[in-house]
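# Observations on chain architecture
Here is how the chains run, residue by residue.
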Amino acid sequence: MPSGSPDVVIIGSGMGGATLAYGIAGSGARIQILERGEVIAPGPDCRDPVAIFAKGVFRPDEEWLDGTGRGFNPGNYYYVGGNSKFYGAVLFRFREQDFEAMEHEGGISPAWPIRYGDLEPYYSAAEQLYQVRGDVAGDPTEPPHSTGYPYPPVPDEQPIAAVRSRLETLGLRPFSLPLAVDIDRWLDGGQTPWDAFPDTNSGKMDAETCSLAEALKHPNVAIETGAEITRLITAPGGRIEAVEYRDRAGDIKRLTPRVVVLSAGAVNSAALLLRSANDDHPTGLANRSDQVGRNFMNHNTSALLSIDLRRVNDCVYQKTIGINDFYLDDGNGGPPLGNVQLLGRVSAPILKANLKRVPSWLVARIARHAIDWYVMSEDLPDPDSRVRIDGASRIVLDWRRSNMAPHRKLVARMRRVLRQAGFPIVLSKQFDRRTPSHQCGTVRFGDDPATSALDPFCRAHDHANLFVVDASFMPSSAAVNPALTVAAQALRTADHLTQTDLAA
Ligand SMILES: Cc1cc2nc3c(=O)[nH]c(=O)nc-3n(C[C@H](O)[C@H](O)[C@H](O)COP(=O)(O)OP(=O)(O)OC[C@H]3O[C@@H](n4cnc5c(N)ncnc54)[C@H](O)[C@@H]3O)c2cc1C
């Protein structure tokens, strides 16, 4: 890229940032991506469950505080490609009803300022970009698609095919999960699942291997890694004048682009806006509404292990079916319960990392006979559930879980279903707050600057040249995985930017 300040600085190369870079690369604008992390190099740790789950070799050397001031090490990943390097690659569209106000047992899930139809073309484009494998016909809650999935579903392994048919016999409608995985390439790199395993261009379609790789083919796009943004600086009138960052050598540098896109993830984007407070914006940037950092959501999730000691689960990857029969209502016309999907295969080393006190022989026995599920319910927005910055500029994540009653009901319902499907033992464990995998909501978009931080194209109401394009923008969390919606909105914002600020 030629020297001088770029036209656009994108902060973060995860699902939001990399997809947006891909979307605006063709505009010819000079685009500089600044990413705090580095590329994950291939190596034995990448397929070693002990290294990943027991030793936590890829986890950050970072401590956040919870609402009581207790420190914890978050499962939030800082690499080129962001959290998508580790994701389960389940790329769901939010359901049509998720864009409307929906009544839950624990309160109202608010309407979005856009409808499903506004995002539909971008969902289709994102599914092509991330090469999603799936079957539009299988899921009873699937919204309309203008384009089918580009590839057929990832095949069930034999024990999963058997469970699928037993669930169907019970009247449920299990469907093939939409997955951004080339299963043959993935298994060529090692006989492991992909969920929570890092991708080294080995068959998982993530922000780095799909969007960033394509964006960097354009000579006007560049990335600097090891570059941690510390502050955004405003000019009188509110425009972002400069982006300040610490480079790999520890030097403080500044860039003065025309447009700034903040895509650091829902916790870090809010934290950066709050840390950038100045005399003109004493409560932080983009925060006239006092919404920045608030409404943190993360889904209510549990692992469920269905065990039948007469059958061995010899799956390698396992993660191919989902159940949405209780997504729009509880199956009897009552309020929604949520989504169920298979986890990546929980082998003995993975289970042992989570059950340290249980003897290894017992862990191995459970793992040999268990099929592992992920049960997910909607977490509703609560202004007191929030990201804050303490006096020493540390991140405080005061997550107030909401809507837990339907989550417990969904776990109980699935217990019954799985027992009927031939699993005499069903164990469950809630995921805890150290796992902010589905973080969202902290810089929400909306039509009204009094109640939202961003407009419906993710432009800050208070700063004409600032966009926040990551999971922060979501006013509700729905109860399906968020990454495709982050990517679709990034492509929508990219189109908007190309037609407005970046138009020739
Ligand atoms: C184990 C795991 C499994 C998951 N499985 C799924 C799944 O199956 N399906 C799904 O839809 N979602 C899944 N998710 C969630 C999904 O990964 C996220 O929703 C998605 O990555 C969010 O995109 P983002 O752009 O908001 O943030 P990220 O993708 O996390 O990107 C943020 C980027 O900003 C960088 N950054 C942060 N702070 C700074 C700074 N100060 N300066 C510069 N750079 C910075 C980070 O290093 C990172 O690259 C999973 C997540 C995890 C952790």
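All values reported here derive from a predicted model rather than from experimental measurement.

Check the secondary structure of the protein chain and you find 11 helices and 20 strands. Rg of the C-alpha trace for the protein chain: 22 Å, near the compact-globule value of 23 Å for 504 residues, within the 12% margin. With respect to the three principal axes, the spread of C-alpha positions in the protein chain is 70 × 50 × 50 Å. Counting only residues that meet the buried cut, the protein chain has 60% of its 504 residues in that class. Intrachain contacts of the protein chain at a sequence separation of at least 6 include 71% that bridge at least 24 residues. Per element, the accessible surface of the protein chain, about 18,700 Å² overall, is 50% carbon and sulfur. Averaging the coordinates of the 53 positive side-chain charges in the protein chain and doing the same for the 60 negative ones gives two points 7 Å apart.

With that settled, the discussion passes to the sheet that holds strand β19 (residues 425-430). As summarised here, the arrangement of the 6 strands in space is β7-β14-β15-β16-β13-β19, forming an open sheet in which the pairing is antiparallel. Each edge of the open sheet carries a strand with a single partner, namely β7 (175-176) and β19. Packed onto the sheet, helix α4 (residues 158-169) meets β7, β14 (321-323), β15 (339-342) and β16 (370-377) and runs at close to 55 degrees relative to β16. Contacts between helix α9 (residues 360-369) and the sheet are confined to β13 (300-307), β16 and β19, with β16 contributing the most and set at about 80 degrees to the helix.

A few words now on the sheet that holds strand β20 (residues 466-468). Read across the open sheet, the 5 strands follow the order β8-β2-β1-β12-β20; overall the sheet is parallel. Both outer strands of the open sheet, β8 (221-225) and β20, are each paired with one neighbouring strand and no more. Adjacent strand axes in the sheet meet at a mean angle of 20 degrees when their direction is disregarded. The sheet contact formed by strand β1 (residues 8-11) and strand β12 (residues 259-262) spans 4 bridges and is parallel. Across the sheet, the residue bridging to I11 is L262, located in β12.

Around the ligand, the structure places 34 residues, and the nearest of them are G16, E35, N83, G88 and A483. Between the ligand and G88, the relevant distance is 2.8 Å, taken from a nitrogen atom to a main-chain nitrogen or oxygen of the residue. Residue S263 places a main-chain N or O atom 3.4 Å away from an oxygen atom belonging to the ligand. Of all elements in the fold, only α1 (15-24), β2 (31-35) and β9 (228-234) reach the threshold of two or more residues within the shell around the ligand.

Our focus in this paragraph is the packing of α1 against helix α6 (residues 207-215). In a packed pair of helices, the relevant descriptors are the angle between the two axes and the axis-to-axis distance. Packing of α1 against α6 leaves a shortest axis separation of 7 Å and a crossing angle of 30 degrees. When the axes of α1 and α6 are compared, the pair comes out roughly parallel. The way α1 lies across α6 gives a crossing that is left-handed. Of α6, the residues touching α1 (which contributes M15, A18, T19, A21 and Y22) are A207, S211, L212, E214 and A215. A class-by-class count of the residues in the contact of α1 with α6 yields 7 nonpolar, 2 polar and 1 charged.

The subject of this paragraph is α9. Every buried residue belonging to α9 is among V363, I366, A367 and H369, and all of these are buried. Buried-residue contacts for α9 involve β13, α8 (348-354), β16 and β19.

Alignment of strand β10 (residues 240-246) against strand β11 (residues 252-255), held across 4 bridges, turns out to be antiparallel. By the bridge assignment, V243 is partnered in β11 with L255. If you look at the hairpin formed by β10 and β11, you'll find 5 residues sitting between the two strands, and G250 has a positive phi there, around 95 degrees.

Moving on, we come to the pairing of β10. Among the 7 residues that make up β10, 5 are buried, leaving the element largely enclosed by the rest of the structure. In this structure, β9 lies alongside β10, joined through 6 bridges in antiparallel fashion. Each bridged residue has a counterpart across the sheet, and for I233 the counterpart in β10 is A242. Hairpin connection between β9 and β10: a loop of 5 residues separates the two successive antiparallel strands, and G237 in this loop has a positive phi of roughly 100 degrees.

Here we come to the packing of aromatic side chains. Tallied over the entire structure, the rule returns 17 aromatic pairs. By way of ring pairs, the aromatic residues F94, F99, W112, Y116, Y123, F445 and F473 are connected into one cluster. Across the ring face of W186, the terminal group of R47 is positioned such that the distance to the ring centre comes to 3.6 Å. Sitting over the ring of Y151, R133 keeps its end group 3.9 Å from the ring centre.

Definitions and cut-offs
Residues numbered from 1 in each chain as written. Predicted model: local features only at pLDDT ≥ 70, side-chain atom pairs only at ≥ 80, totals over all residues. Heavy atoms only, no water. Helix = DSSP H or I, 4+ residues; strand = E, 2+ residues; numbered from the N terminus. Rg over C-alpha atoms; globule rule 2.2 N^0.38 Å. Buried < 20%, exposed > 50% of the residue type's maximum accessible area, 1.4 Å probe, protein only. Contact = heavy atoms within 4.5 Å. Areas by Shrake-Rupley, 256 points an atom, 1.4 Å probe, with all protein chains shown as cover. Lys, Arg positive; Asp, Glu negative; His and termini not counted. Charge placed at Lys NZ, Arg CZ, Asp CG, Glu CD. Pairing = 2+ DSSP bridges. Axes fitted to C-alpha atoms, helices over the stretch in contact; angles between N-to-C directions. Near = heavy atom within 4 Å. Polar contact = N/O pair within 3.5 Å; in protein donor to acceptor, adjacent residues only side chain to side chain. Parallel < 35°, antiparallel > 145°, perpendicular 65-115°, else oblique. Left-handed = near helix turned anticlockwise from the far one by under 90°. Nonpolar A, V, L, I, M, F, W, Y, C, P; charged D, E, K, R; others polar. Phe/Tyr/Trp six-rings, centres within 6.5 Å; stacked < 30°, edge-to-face > 60°. Lys NZ or Arg CZ within 6 Å of the ring centre and 35° of its normal.

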